[in-house]
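# Overview (structure and organization)
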Amino acid sequence: MRIRNTAKAALALFICATVVVLPAVPAQANSALDQYVEEVPSTGGGQNGDGNGDGKDQKGKLDPERTKELTGEGKTGEALLALAAISGPSDGGSTGGPTAGDEGNGTAKAGGASADAGKLDRSTGISNSLGSATEVSGLNLPLFIFVILLAAAMGATAWYRRARGGRHS
Amino acid sequence: MRRLLSLTFVFLAMLVGVAQHAGVASAAGYPTGVSYVSDNDPTTFSRVAGAGATMVHSWVRWDQIAPAVEPESWNPRNPVDPNYNWSALDTWVTNAVAAGLTPMLQVYYSPDWADRCVTNPPITITDPPCDPDPAAMADFGRALAKRYDGNTLGLPKVRYFQGQNEPNLGLFFGPQRNARGVPVSPRLYRTLLNRFYEAVKSVDSRNIVISAGLAPNPNHWALAPLDFARRLFCMVGRAKPKPTRAKCTVKADIVDMHPYTSGGPTHKALNLDGIQLGDLGKLKKLVAAADRAHRIKGMYARTPLWVTEMSWDSNRPDPGGVPMNLLRRWTSQAVYQAWKAKVARFFWYSLRDQSPNGLPWSATTQSGLYFRGDTVEQDRAKPILQAFRFPFVAFGKGKKAIFVWGRNPQAQRGWVSIQRFRHGRWQKLKPVMADSGGLFRRVIRVPAGSNRAGTVRAVFRGQVSVPFSLKAVKDRPARPFG
């Protein structure tokens with residue numbers, strides 16, 4: 001019974017860690033064109049507040065109309081809503097976290113990806129390097145790794161105890 | 001008699017005034033264009049014209065035309081200053097105009113010496129403009145407008161100028177936010193645009209300045225376009241936009257949007273402040289409110305909205321793109337959807353597919369009207385070309401009617417034959433008269449219960465549109481670039 005509880009706790013810990021931490025990790029950017037891909041906003045808020053501090057508007061919520069539409073789209077829509085509910089970008093992703101070129105946060109310029117004049121450089125020449133643009137929140141990554149390791153350790157302990165118990169019986 | 005003459009004069013003056021206020025840019029018809037046409041050979045421009053487009057758009061690489069290091073002694077306002085290198089652009093403009101196209105030039109990027117900050121490498125890999133000096137951009141804008149004023153070195157006249165690209169996206173403009181996470185790009189871009197506007201207009205007040213097109217989605221690297229636009233125009237409120245107390249004016253004649261979608265042509269952004277093709281009304285409402293509040297100072301009382309970029313990658317060649325048959329439908333429908341949202345001009349991005357150059361399909365654009373060959377001459381037209389050239393849609397309306405809309409490729413007045421394919425043959429429905437810009441629309445009665453079956457096409461002087469199925473097609477997820 002105790003062994004089973006430990007295994008369950010390890011699994012629960014892993015799932016919680018994934019749900020809590022993953023939304024804070026921006027989508028892996030393989031190319032500049034990924035910047036055009038839509039992220040699923042939070043139903044509870046978090047991203048892109050209204051301009052100039054107008055507190056009346058809902059901040060970054062999923063459009064009520066879209067919520068209604070998605071509800072009407074059956075299972076797919078509901079799944080998307082559920083995803084929106086758990087995967088909205090954290091506040092840090094939009095307001096606190098380091099985003100494109102923070103003012104006064106200047107460092108060396110990225111090694112110029114100058115495209116030749118005859119070619120559209122919307123993506124060429126920058127795609128390879130943008131992979132490194134994917135940023136993982138400094139606070140959440142170590143926590144994530146710690147929780148994963150803890151869950152793995154707990155799982156291993158449970159497995160070891162179970163194996164030993166089986167041998168003794 | 002004199003009184004009658006003066007009354008007539010007053011009446012005519014009023015008519016001119018009304019025309020001006022109505023927005024001459026959105027006069028008869030619905031002109032289309034092709035954006036980011038970077039090749040400058042005559043074949044390229046003849047293909048743009050052959051796509052039914054009257055406008056062609058290209059970047060003007062400020063960082064490549066201007067010297068890499070600012071000379072100690074030069075005149076950046078002088079279009080013939082020897083430190084500038086305009087040769088490729090001269091050819092581009094000359095060939096575009098020779099093909100009967102109206103060129104639109106977009107100042108793009110900035111030389112390092114004009115930037116007033118440096119960008120944060122992990123985010124801004126492309127070395128985008130980082131708070132470029134508005135005075136420097138104004139000098140370049142003036143030189144650009146002067147070079148193509150129609151009186152310099154025998155070069156043609158250019159009227160349409162755009163200041164930068166997607167300033168709400170870190171890929172093309174920085175910084176987006178300050179160290180505290182507060183958006184700063186709208187304010188920085190406003191100053192930049194205003195100075196650019198004044199410089200271009202100082203050369204010829206009839207020149208038209210277009211604000212930079214906005215990227216559609218908020219994300220880690222981008223401000224939401226509606227949020228950006230509100231801040232740019234010093235407005236607040238999503239449902240009922242109104243001016244803030246701040247004293248601010250944006251100088252622009254046209255507002256531009258790039259409403260790429262995550263689905264089909266009617267798709268809406270999940271984010272309240274995102275603007276995809278199905279959301280253009282939100283931006284239109286904000287611009288109208290900004291106009292009423294005199295936040296936008298341009299040549300039209302009602303600032304027109306343009307879409308200078310829209311497309312999807314096609315499958316083939318991109319396996320992640322939209323299947324070609326569906327894309328034919330979406331292409332026509334996208335042109336219609338923008339028109340429905342009162343967009344005055346619509347541009348397709350772009351003429352030819354991008355070369356993969358060993359990169360994954362998802363990292364390059366295959367949204368051209370032409371499959372890319374080894375050379376421009378070897379490019380092959382995609383099936384979507386005709387859908388862009390002769391956009392036509394048909395939807396069942398009520399129980400016994402069909403709504404049809406289209407624009408003939410010649411953009412000419414005349415009768416358009418509407419035909420429906422049923423029972424193995426094309427049957428003629430009621431013809432529709434196209435206006436002087438080639439636009440036509442009509443609700444046509446058909447036998448009850450038959451208006452959701454079959455396909456419909458339009459025929460105009462031997463030109464046949466892509467048949468449009470009356471069967472509704474559900475929206476489906478699609479990445480704009482595969």
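Along each chain, residues carry numbers from 1 onward, in the same order as the chain's sequence is written. Whichever chain is written first becomes A and whichever ligand is written first becomes 1, with later ones labelled in order. Local features in this predicted model are restricted to residues whose pLDDT is 70 or higher, and side-chain atom pairs enter the listing and the counts only when it is 80 or higher, whereas totals over whole chains, interfaces and linings include all residues. Water and hydrogen atoms were dropped before computing side-chain values, which therefore reflect all heavy atoms in the structure.

For chain B, the count of helices and strands is ten helices and 25 strands. The globule rule used for comparison is 2.2 Å times the number of residues to the exponent 0.38, while the radius of gyration itself is calculated over C-alpha atoms. Rg of the C-alpha trace for chain B: 23 Å, near the compact-globule value of 23 Å for 482 residues, within the 12% margin. Across the 482 residues that make up chain B, the buried fraction comes to 62%. Put simply, of all contacts in chain B between residues at least 6 apart along the chain, 68% involve residues at least 24 apart. Runs of H or I in DSSP of at least four residues are treated as helices and runs of E of at least two as strands, each being numbered from the N terminus. Per-residue accessibility, obtained with a 1.4 Å probe over protein chains only, is compared with the maximum for each type, and a residue is labelled buried under 20%, exposed over 50%, and partly exposed between these values. Between two residues, a contact is recorded if the distance between any of their heavy atoms is within 4.5 Å.

Here we take up the packing of aromatic side chains. Geometry of an aromatic ring pair is reported as the spacing of the ring centres plus the angle between the planes. Centre distance within 6.5 Å is the pairing criterion for rings of Phe, Tyr and Trp, where only the six-membered ring of Trp is used; planes under 30 degrees apart are then read as stacked, over 60 as edge-to-face, and the remainder as tilted. Scanning the model with the defined rule gives 35 aromatic pairs over all chains in all. Ring centres 5.0 Å apart and planes at 50° place the aromatic pair tyrosine 84 of chain B and tryptophan 86 of chain B in the tilted group. In this structure tyrosine 84 of chain B comes out as buried when scored by relative accessible area, which is 7%. On the numbers, 5.8 Å between centres and 55° between planes, the contact of tyrosine 84 of chain B with phenylalanine 140 of chain B is tilted. In this pair, tyrosine 84 of chain B is assigned in the loop between helix H3 (62-65) and helix H4 (87-98) and phenylalanine 140 of chain B in helix H5 (residues 134-147), connecting sequence segments 56 residues apart. Like tyrosine 84 of chain B, the residue phenylalanine 140 of chain B is buried in the burial classification. Feature note: the residues Tyr36 of chain A together with Tyr36, Trp59, Tyr108, Tyr109, Phe172, Tyr260, Tyr349 and Phe481 of chain B constitute an aromatic cluster, connected by ring pairs. Charge over a ring is defined by NZ of Lys or CZ of Arg lying within 6 Å of the ring centre and within 35 degrees of the ring normal. A cation over a ring is seen here: arginine 61 of chain B above tyrosine 109 of chain B, with NZ or CZ 4.4 Å from the ring centre. Between the NZ or CZ atom of arginine 457 of chain B and the centre of the ring of tryptophan 426 of chain B, over which it lies, the distance is 3.9 Å.

A separate point is the state of the cysteines. All names here are of chain B. Two cysteine sulfur atoms form a disulfide, by the criterion used here, when they sit within 2.5 Å. Per the counting criterion, the structure on display carries two disulfides over all chains. Sulfur-sulfur distance for the disulfide between cysteine 117 and cysteine 130 comes to 1.9 Å. In this structure the cystine formed by cysteine 117 and cysteine 130 twists about its S-S bond by roughly -100°; its chirality is therefore left-handed. Of this pair, cysteine 117 sits in the loop between strand E3 (102-108) and H5 while cysteine 130 is found in the loop between E3 and H5, placing the two residues 13 residues apart along the sequence. A relative accessible area of 1% places cysteine 130 in the buried class. Across the disulfide from cysteine 234 sits cysteine 248; the S-S distance is 2.1 Å. Judged by the sign of its S-S torsion, about 125°, the bond between cysteine 234 and cysteine 248 is right-handed. Of the two residues, cysteine 234 sits in the loop between helix H7 (225-232) and strand E6 (235-236) while cysteine 248 sits in the loop between strand E7 (242-243) and strand E8 (250-251), which places them 14 residues apart along the sequence. Listing the disulfide partners of chain B by sequence rank of the bonded cysteines yields 1-2, 3-4.

Strand pairing in a sheet relies on backbone hydrogen bonds. The paired strands run either parallel or antiparallel. All names here are of chain B. Pairing between strands is defined by DSSP: at least two bridges between the two strands are required. Pairing in this open sheet of eight strands is parallel, and the strands run E5-E4-E3-E2-E1-E14-E11-E9 from one edge to the other. Two strands in the sheet have a free side with no partner beyond their single neighbour: strand E5 (208-211) and strand E9 (255-257). Direction aside, neighbouring strands of the sheet carry axes that sit 30° apart on average. Note: strand E11 (residues 305-307) against strand E14 (residues 343-348), three bridges, orientation parallel. Bridged to tryptophan 306 within E14 is arginine 345. Axis definition: a line fitted to C-alpha atoms, limited for helices to the stretch in contact. Angles are taken between N-to-C directions and run from 0 to 180 degrees. The strands that helix H6 (residues 185-203) touches are E3, strand E4 (160-163) and E5; relative to E5, the one it contacts most, it runs at about 165°.

Residues and elements named next belong to chain B. Burial along E5 is two-sided: the residues Ile208 and Ile210 and Val209 and Ser211 are all buried. With four bridges joining them, E4 and E5 adopt parallel strand pairing. Bridge assignment links phenylalanine 161 to a residue of E5, and that residue is valine 209.

A few words now on the nonpolar core. Nonpolar side chains tend toward joint burial in soluble globular proteins. Within the largest apolar cluster, 112 residues are counted, with the highest numbers of intra-cluster contacts made by Leu105, Phe233, Leu280, Leu283, Phe346 and Ile418 of chain B. In terms of residue count, helix H9 (residues 324-340) of chain B provides more of this core than any other element does, eight residues in total. When near neighbours in sequence (up to four residues on either side) are disregarded, leucine 280 of chain B contacts Met257, Pro259, Ile275, Leu305, Val307, Ala338, Ala341 and Val343 of chain B. We define the nonpolar core as a collection of buried residues of types Ala, Val, Leu, Ile, Met, Phe, Trp, Tyr and Cys that are connected through side-chain atoms lying within 4.5 Å of one another. Among the nonpolar cores identified, the runner-up in size contains 15 residues, and Tyr36 of chain A together with Tyr36, Ala215 and Tyr349 of chain B belong to it.

With that settled, consider the side chain of arginine 61 of chain B. Residues and elements named next belong to chain B. Tracing the chain through its elements places arginine 61 in strand E2 (residues 55-61). Given the relative accessible area of 4%, arginine 61 is considered buried. Engagement of the side chain of arginine 61 in a polar contact is seen with the side chain of aspartate 63, the distance being 2.8 Å. Side-chain atoms alone can form a polar contact between residues adjacent in sequence; in general such a contact is a pair of N or O atoms within 3.5 Å, and within protein one must be able to donate a hydrogen while the other accepts it.

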